[in-house]
Amino acid sequence: MTGRAPRQAAVRRVPGLDWLLMAAVLGLLVLGTLLVWSATSARDGLSPGDPSAYLRKHLVNVAIGLVLLVLVAATDHRWVRILAPLAYLASVAGLVLVLTNGVTINGSRSWLQLGGMSIQPSELAKLAVVIGMALVVAERAEGRRRRTVDWIDVTLMLLIAGLPATLILLQPDLGTMLVLAATVFGVLAASGAPRRWLVLLAGGGVATAVTAVWAGMLADYQVDRFLAFTDPDLDPRGAGYNTEQARIAVGNGGLFGEGLFDGSQTRSGFVPEQHTDFIFTVAGEELGLVGAGLLIGLLALVVWRALVIASRTDDLFGRIAAGGIACWLGFQSFQNVGMCLGIMPVTGVPLPLVSYGGSSMFAVMLAVGLLQNIHLRTSASPMRHLAPDPVLVRR
Amino acid sequence: MPGSADTRGRLRLIVIQALVFSLFATLFARLYYLQVVSGADYRSQAASQSVREVVVQPQRGLIVDAQGRPLVTNRKSWVISVDRTVLGRLGQRQQDALLSRIGAAVGLSPHRIRKQLGTCGERGSVPGVCWNGSPYQPVPIAADVPERVALRVLEQPEDHPAVLAEQQTVRAYPRPFGVNAAHLLGYLSPITEGEYDRAQETGDRSVNGASSVGRAGVEKQYDEWLRGMPGYRRVAVDSMGRVLGEEREIPGQPGDTLVTSIDAKVQGVVEQQLARTIATARRTVDPVTGRRYAADAGAAVVMEVDTGRVVALASQPTYDPEVWVGGITKGQLSRLYSEAAGTPLLGRATQGQFAPGSTWKPFMTAGALTHGFGTDTRLNCSSGFQVGNRVFKNYESGAYGYIGFDRALEVSCNTFFYRVGYHFWQRFGTDVDDVDAKDPLVEEAKAFGFGDETGIDLPGEASGRIADRRWKLDYWKQMKDYYCGIASRPQSAPANKGISDFVYQFAGEFCVEGYAYRAGDAVNFSIGQGDTIVTPLQLARAYAAIANGGTLYEPRIAKAIVSPRGTVLRRFRPQPAARVGVPGRVLHYIDEALKGVSLRGTMSWRLLEFPLDKVQIRSKTGSAEVYGKQSTSWVASYTDDYVVVMMVSQGGTGSGTSGPAIRKIYEELYGVDGLGVDPKRAAIPGVVAPERLPTFTRDGSILSPRRGGS
């Protein structure tokens, strides 16, 4: 396999990309750029005297992201698997560095200041965990020449996920932690792990969360935010302020919105963190149900294509990775939009492909590149319907 | 089981797919709920927080004198306020930095600003400094700040979140002819919460939480006219309360102009004369006490005799009305109330009450001449008059033998009037317990309006007091416990510490028979001594009634209300309140006698070389005695046009102290030049102001009535 793969890949790449996924991604990028522009141009406090500063930085991020996407999509499958452990180790190193040298923003030590850039290693860690887990299962399965997932696989996967998860918890970054938990669960499910493991893990996760709240392991502001989500009128000037303002902005949009760049709440800066975590409220206010609905639709499309890619591929690594990415993007989108709509607690996670912020943008674009890579391999195989497991057939 | 995990994985992907799509469907449903189902709700919330109604305070109406000279106008003043809601959204360190920055600019410590921002009644709030306005309204922290400070706040809003700089109009006092007129004009102070709530309840839109309302003087009396109607500006604001743009403006309406009958020139002269009289008295040694006169207070009134219009009204001590502008400090306020400073807030002309002394005698004369005495009556003006075992002395005059009322007024003979008072007491009131006993002198005093408010258009007028039988009984009932308490103990008892011999003796007598209206009370009453007190304005009005044939007018300061566009909205016509009910011949007799006072009586030495043939001044002097104090100087006088009354508390004799000022005022009123009279030099063109109002032109200038179009 190792000797043939590059040649085969050259042949197989001909049928092309998943264009539906590509269209959805590009649509989200365009929409996101407009929303970031709208959210930042009126806020003099963010970039004094330069209303388009954030727009330019966002466009740079998008450009870098697109390059990353193409690079990953075009890279040979093998190289992805070779580079995966490196990516994993790099993100773990980043998480450690954050704890030692990080910058605290909004109560979490999540940012690394590198030159003029702020990097959020936990964003990249999500991708790293997905690839790492997929790689372990795939490597072991291929080594054993069979496709069952036993307790060793599960334990290894949990170890792979556990290390960054612990580091993230130490920051503490509750939002990323929730997304990571959902992602790990998705990866485990997609890997075909026995049901009892899934039930056990889900039960254990809930128990841990309840214990954490009771034992006071969570920071006060995190509990406050959670309480504010259940009852935003509890403290409208404090913790409930964010959710209340987000809902007012979204509700103000109505069916067709106030028009791009014309949202009164957005222009007046009532919603905090509006270009990052609360970017969806800009869509809600300025584009209304139609525009925000389209945004949700595009996100759903991305997740759907990821799941389709996952189910179509015969490659175990590809399936687990694509499934994990789908769970990750799907849950993160739900968490983010749900937070803006007041049905999820306020935890700082960005909206994939839309929010301003390089780390998230690069991580998601890398993931999309990986999806395309998996898709390319799958669609290039002429026997894919007949031979569900090309590895075994070749042997 | 090869492939089983694989199949399971694929199946699970379908489950995940269903799960993810149900989550996304939930999001869409929620979005629909927020934007369409309850969208209207959120839209109104969005509007209410991003649009702020800014009150545009109306320009308060002017107050002008009869010639159209502005007495009170407005000027622009910069006010720095802090929006506490926005301030609360900043971090503690940002707040501290902001407050010290703005504090440095306006000259206040951040600590002090914190105190000012505290709501009164909250824990730790400092009375007098704390904010007692609406909790949602920005709190003014500094008024009358220099323009450059205000402009810095306006031009660098990013450095001054939560700080507002606004232009307000405040009262200005142009002081034509140096007039002060503080008591007459009154002052403004911020609306109280109670007043604001009441206005809200009654739907009164003319005031708002940041309004100032009239508190005294004509500012209070005509507040509703002067106030105007505030405008409202709807502006878009951001989450920091900074104004993004204007949406709509409902213009306000400036207040109406109050035209008064005051003449600034006369007012200036009267104020100056009163101040000089007091200054002179304070340099003069009182022959009775051997100390200089305290001259602690004084008042002067100039009124038209035929209309009751007040031309000048002065009071001492006074204060600068400017102290109220932009908020009065605690120290300034306590000075206005302080007795050590002579309670400058009290307007003596309408609120001061003093024993009238001999200026009372013309009314006693009227009472006597209508109740059995005649112009041919001759009574002994002896040097003393014994009532029971007490001898009442003749203070102002020596013994003149048997004289008539006219001569008694001229020389201000006390014993003459004692006999009159004693006569009536003997005839009707020897039963000291009979509160309903007839007393023609008391009746006459009431007929001339004493003991009751004059109805002048100034708030807080004092009513004076006629110390008649009923009053004496009431007073005894009220005070007997106190005095009987003193009398029940030996004078040396510890509880009686500080009680003088006189008071101890008085207490004993008062306790037993303080209710009794004795002959001594009656004779005291007849010469305006004792417990009877009057306001200078009451006295002026009563003399005006002698001058005008018996009509008591309600004194008026307001002449008209004129809209900002110059339309006359309301005219204040002379308001007769009552007739004194004294026959014309009696009034004429008194009038002639008072002319005699000026010509050869107690006032004559102050009117030497005065053209009395052209300006016939009738006058009466008085020196009222008050136990433990120096005598009060009174001069009440009038001509065919004006009544002029001046008094100085603890100031000396009537003519001696107030005489020169009275003369000077008449000289100004009539344009007296040596022994000649030049009406062109009169303070008021034509001597008496015309009924016509000043002309208000469209461009805002005001022309005097004479020039305005004759």
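Residues numbered from 1 in each chain as written. Chains lettered and ligands numbered in written order. Predicted model: local features only at pLDDT ≥ 70, side-chain atom pairs only at ≥ 80, totals over all residues. Heavy atoms only, no water.

Re the sheet that holds strand β11 (residues 297–304) of chain B
Residues and elements named next belong to chain B. Taken together, the five strands give an open sheet; going across it, the order is β12-β11-β23-β22-β21, and neighbouring strands pair in antiparallel fashion. Edge positions in the sheet fall to β12 (310–316) and β21 (618–624), since each has one partner strand and no second. Across the sheet, the mean angle separating the axes of adjacent strands is 5° when strand polarity is ignored. Across six bridges, strand β22 (residues 632–638) lies against strand β23 (residues 642–649) in antiparallel orientation. Looking across to β23, one finds that S637 is bridged to V644. Against the sheet, helix α21 (residues 536–548) engages β11, β12, β21, β22 and β23, with an angle of about 30° to β11. Where helix α23 (residues 654–670) meets the sheet, its contacts fall on β11, β21, β22 and β23, and the angle it forms with β23 comes to roughly 150°. (Pairing = 2+ DSSP bridges. Helix = DSSP H or I, 4+ residues; strand = E, 2+ residues; numbered from the N terminus. Axes fitted to C-alpha atoms, helices over the stretch in contact; angles between N-to-C directions. Contact = heavy atoms within 4.5 Å.)

Some thoughts on the interface of chain A and chain B
Facing 60 residues of chain A, the contacting portion of chain B comprises 38 residues. Across the chain A to chain B interface the summed buried area is about 4000 Å²; carbon plus sulfur atoms make up 65%. Three residues stand out in chain A for area buried against chain B, namely L289(A), L307(A) and F334(A), and they jointly supply 14% of the buried area on that side. Scanning the region where chain A abuts chain B turns up one salt bridge. Put simply, R10(B) and D314(A) hold a salt bridge, and the shortest N to O gap is 3.9 Å. Here chain A is connected to chain B by nine residue pairs in polar contact (both at pLDDT 80 or more). A per-element tally of the side of chain A that touches chain B places helix α12 (residues 279–312) of chain A first, with 15 residues. The residue makeup of the side of chain A that touches chain B, split by class, is 29 nonpolar, 23 polar and eight charged. (Buried area = accessible area lost by both parts, 1.4 Å probe. Salt bridge = Lys/Arg side-chain N within 4 Å of Asp/Glu carboxyl O. Polar contact = N/O pair within 3.5 Å; in protein donor to acceptor, adjacent residues only side chain to side chain. Nonpolar A, V, L, I, M, F, W, Y, C, P; charged D, E, K, R; others polar.)

Some remarks on a nonpolar patch on the surface
On the surface, L255(A), F256(A), V290(A), F28(B), Y32(B), Y33(B), V36(B) and V37(B) cluster together into a nonpolar patch covering about 770 Å² of accessible area. Here the element with the most residues in the nonpolar patch is helix α1 (residues 4–37) of chain B; it accounts for five residues. Here L255(A) shows up in the loop between α10 (239–253) and α11 (264–268). A relative accessible area of 40% places L255(A) in the partly exposed class. (Patch = residues over 30% accessible without salt bridge, like charges linked within 9 Å, V, L, I, M, F, W, Y side chains within 5 Å. Areas by Shrake-Rupley, 256 points an atom, 1.4 Å probe, with all protein chains shown as cover. Buried < 20%, exposed > 50% of the residue type's maximum accessible area, 1.4 Å probe, protein only.)

Here's the deal with the state of the cysteines
Residues and elements named next belong to chain B. For the structure on display, the rule yields two disulfides over all chains. Across the disulfide from C381 sits C413; the S-S distance is 2.1 Å. Residues C381 and C413 are joined through a disulfide that is right-handed, its torsion about the S-S bond being 115°. In this pair, C381 sits in strand β13 (residues 379–381) while C413 sits in the loop between α15 (405–411) and α16 (414–428), placing the two residues 32 residues apart along the sequence. A residue is classified by how much of its surface remains accessible, and C381, at 0% relative accessible area, is buried. (Disulfide = S-S within 2.5 Å.)

Describing the environment of W225(B)
Residues and elements named next belong to chain B. Mapped onto the secondary structure, W225 falls in helix α10 (residues 223–227). When the C-alpha atoms of W225 and L569 are compared, they prove to be 9.8 Å apart, with 344 residues separating the residues in sequence. With residues up to four places along the chain from it excluded, the contact list for W225 reads G255, D256, I561, L569 and R570.

Some points on helix α2 (residues 39–50) of chain B
All names here are of chain B. For α2, with 12 residues, the first-to-last C-alpha span of 16 Å sits near the 16 Å given by 1.5 Å per residue. Looking only at α2, the buried set comprises G39, Y42, A46 and S50. Within α2, the buried residues cover an arc of 70° as seen down the axis, which keeps them to one side. Turned more than 90 degrees away from the buried face of α2, the exposed residues are A40 and S48. (Expected span 1.5 Å × (residues − 1). Arc of directions from axis to C-beta.)

Remarks on unusual backbone geometry
In most cases, non-glycine residues show a negative phi, while peptide bonds are predominantly trans. Residue P317(B) follows Q316(B) across a cis peptide bond; omega there is -5°. With respect to the secondary-structure elements, P317(B) resides in the loop between β12 and α12 (330–337). Backbone geometry places F261(A), a non-glycine residue, at a positive phi of 70°. Considering the arrangement of structural elements, one finds F261(A) in the loop between α10 and α11. Notably, E609(B) is not glycine yet its phi reads approximately 65°, a positive angle. Take E609(B): it is sitting in the loop between α22 (584–599) and β21. E609(B) sits in the exposed class, given a relative accessible area of 63%.

Topic: the pairing of β21(B)
Residue and element names in this part refer to chain B. The element β21 is largely enclosed, with a buried count of seven among its seven residues. With burial as the criterion, each face of β21 is covered, one bearing R618, K620, G622 and A624 and the other bearing S619, T621 and S623. Examined bridge by bridge, β21 and β22 share seven bridges and lie antiparallel to one another. By the bridge assignment, S619 is partnered in β22 with S637.

A word on the confidence of the model for chain A
All names here are of chain A. When pLDDT is averaged across chain A, the result is 82; 82% of the residues are at 70 or more. Counting interchain partners and residues more than four positions distant, the pLDDT-below-50 stretch residues 1–14 has 16 contacts. Scored below 50 in pLDDT, residues 382–395 shows 12 contacts in the model against residues more than four places distant or in partner chains. (pLDDT = per-residue confidence, 0-100.)

Re the environment of F696(B)
All names here are of chain B. As for its position among the elements, F696 is in strand β26 (residues 695–696). Linking F696 and T257, residues 439 residues apart in sequence, is a C-alpha distance of 9.7 Å. The residues touching F696, leaving out its near neighbours within four places in the chain, are V64, T257, V259, V562, G566, S701 and I702.

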